[in-house]
Amino acid sequence: MQDRVFAGIRATGRQHIGNYLGAIQNFVALQDRFECIYSIVDLHSLTTLTDTDKLRFNVRETAMDLLAAGIRPEESILYVQSHVPEVSELHLLLSMVTPNGMLLRVPTFKEKVRSQPDNVNYGLVGYPVLQTADIVLYRANKVPVGEDQLPHLELAREIVRRFNRHFGDIFPEPEAELTNAPMVLGFDNRKMSKSYGNAVEMAATPEETAKAVRGAITDPQRVRRNDPGRPEVCNVYALHGAFGPERQPEIYEQCTTAGIGCVDCKGQLADSINETFAPIRARRAELAAHPEQVDEVLADGAMRARVIAREVLAEVKDAVGLPPAPA
Ligand code: SF4
């Protein structure tokens, strides 16, 4: 069997340039090497119960960004998690072999307990089990992750091992397809995130992009235009590396000799970002004008995903020993 990649994308709506650099451009590239299944994971979004009234809108916005960036639905499967209900059933079955203690020790769960103490729900605890179900429902054997996400994948592998020990060799242990995507900071030097308001959306206009970049923090010791700068501590310089690496040596030279001011340097970065996203924004505008086409892609993706999901789930239920459902 050809290696099969699975990745879930949270249904957060419009994706920002950090999402693009950190994940989406890699999802696009993986299509050249693997059979790929990409899921917009709307069920996962319910664990926080915020903005659920925007969930449908956000799902479509997320899909538009993925398609505009280059996900090819004629080759890859792009679908919405809740459109394949088999995942919820598999989640339940996997939960039977997953010890509570293991889930309660997950650092992201502990973090959620701290950040939303009034809503510590089962969905949060079971999050890794649903993530595992997402992957193994398609017998995907490759999961694109960064180094920092390896512990999550190890949890999925442990659940798979436990299931296989109980019920036979049903699932492959998913392996990491390691990405070396840069960790992208926002314009205030915190992690780039929509909730911090320090990101630029992929679909932003050139003017919005330029305005956001103008507000970026640079080298704090470079107070006057004539002061030489320290590119190694400047996030604008790091972003140049992501959007125009060929220009970085020149910018380094100009910055350290005060040959360029931060205003011009930021202007060049905004130009590079706008150049990178110009074709993506054009494709996105076409999709936004025809949302029914996006819905068709997602419906087709769900149909193809369910063909695999039904077959795998039937095998799992048989292995578990559940009685066959009446015809
Ligand atoms: Fe950063 Fe560019 Fe200013 Fe140097 S010139 S400190 S790299 S913004």
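What counts as what
Residues numbered from 1 in each chain as written. Predicted model: local features only at pLDDT ≥ 70, side-chain atom pairs only at ≥ 80, totals over all residues. Heavy atoms only, no water. Near = heavy atom within 4 Å. Helix = DSSP H or I, 4+ residues; strand = E, 2+ residues; numbered from the N terminus. Nonpolar A, V, L, I, M, F, W, Y, C, P; charged D, E, K, R; others polar. Domains from an automatic or database assignment. Contact = heavy atoms within 4.5 Å. Buried area = accessible area lost by both parts, 1.4 Å probe. Salt bridge = Lys/Arg side-chain N within 4 Å of Asp/Glu carboxyl O. Polar contact = N/O pair within 3.5 Å; in protein donor to acceptor, adjacent residues only side chain to side chain.

Considering the site of the ligand
Argument step 1. Lining the immediate surroundings of the ligand are Thr218, Asp219, Arg222, Cys234, Val236, Tyr237, Cys255, Cys262 and Cys265.
Argument step 2. Of all the secondary-structure elements, those providing two or more residues to the shell around the ligand are helix 10 (235–243) and helix 12 (262–289).
Argument step 3. Classifying every residue of the shell around the ligand gives six nonpolar, one polar and two charged.

Remarks on the domain arrangement of the protein chain
Argument step 1. The domain boundaries assigned to the protein chain delineate domain 1 (4–184 + 291–320) and domain 2 (204–285).
Argument step 2. For domain 1 and domain 2, the distance between their C-alpha centroids amounts to 34 Å.
Argument step 3. Taken together, the contact pairs eleven residues of domain 1 with eight residues of domain 2.
Argument step 4. A buried area of about 890 Å², summed over both sides, lies between domain 1 and domain 2, and 68% of it is on carbon and sulfur atoms.
Argument step 5. When the buried surface of domain 1 facing domain 2 is broken down by residue, Ile17, Tyr20 and Ala68 rank first, second and third, together holding 51% of it.
Argument step 6. Joining domain 1 to domain 2, the criterion identifies two salt bridges.
Argument step 7. Notably, a salt bridge pairs glutamate 61 with arginine 284, separated by 2.8 Å at the nearest N-O pair.
Argument step 8. Applying the counting criterion to the domain 1 and domain 2 interface returns three residue pairs in polar contact (both at pLDDT 80 or more).
Argument step 9. For the side of domain 1 that touches domain 2, the secondary structure elements donating two or more residues are helix 1 (17–30) and helix 3 (55–69).
Argument step 10. No other element matches helix 3, which puts six residues into the side of domain 1 that touches domain 2.
Argument step 11. Classifying every residue of the side of domain 1 that touches domain 2 gives eight nonpolar, no polar and three charged.

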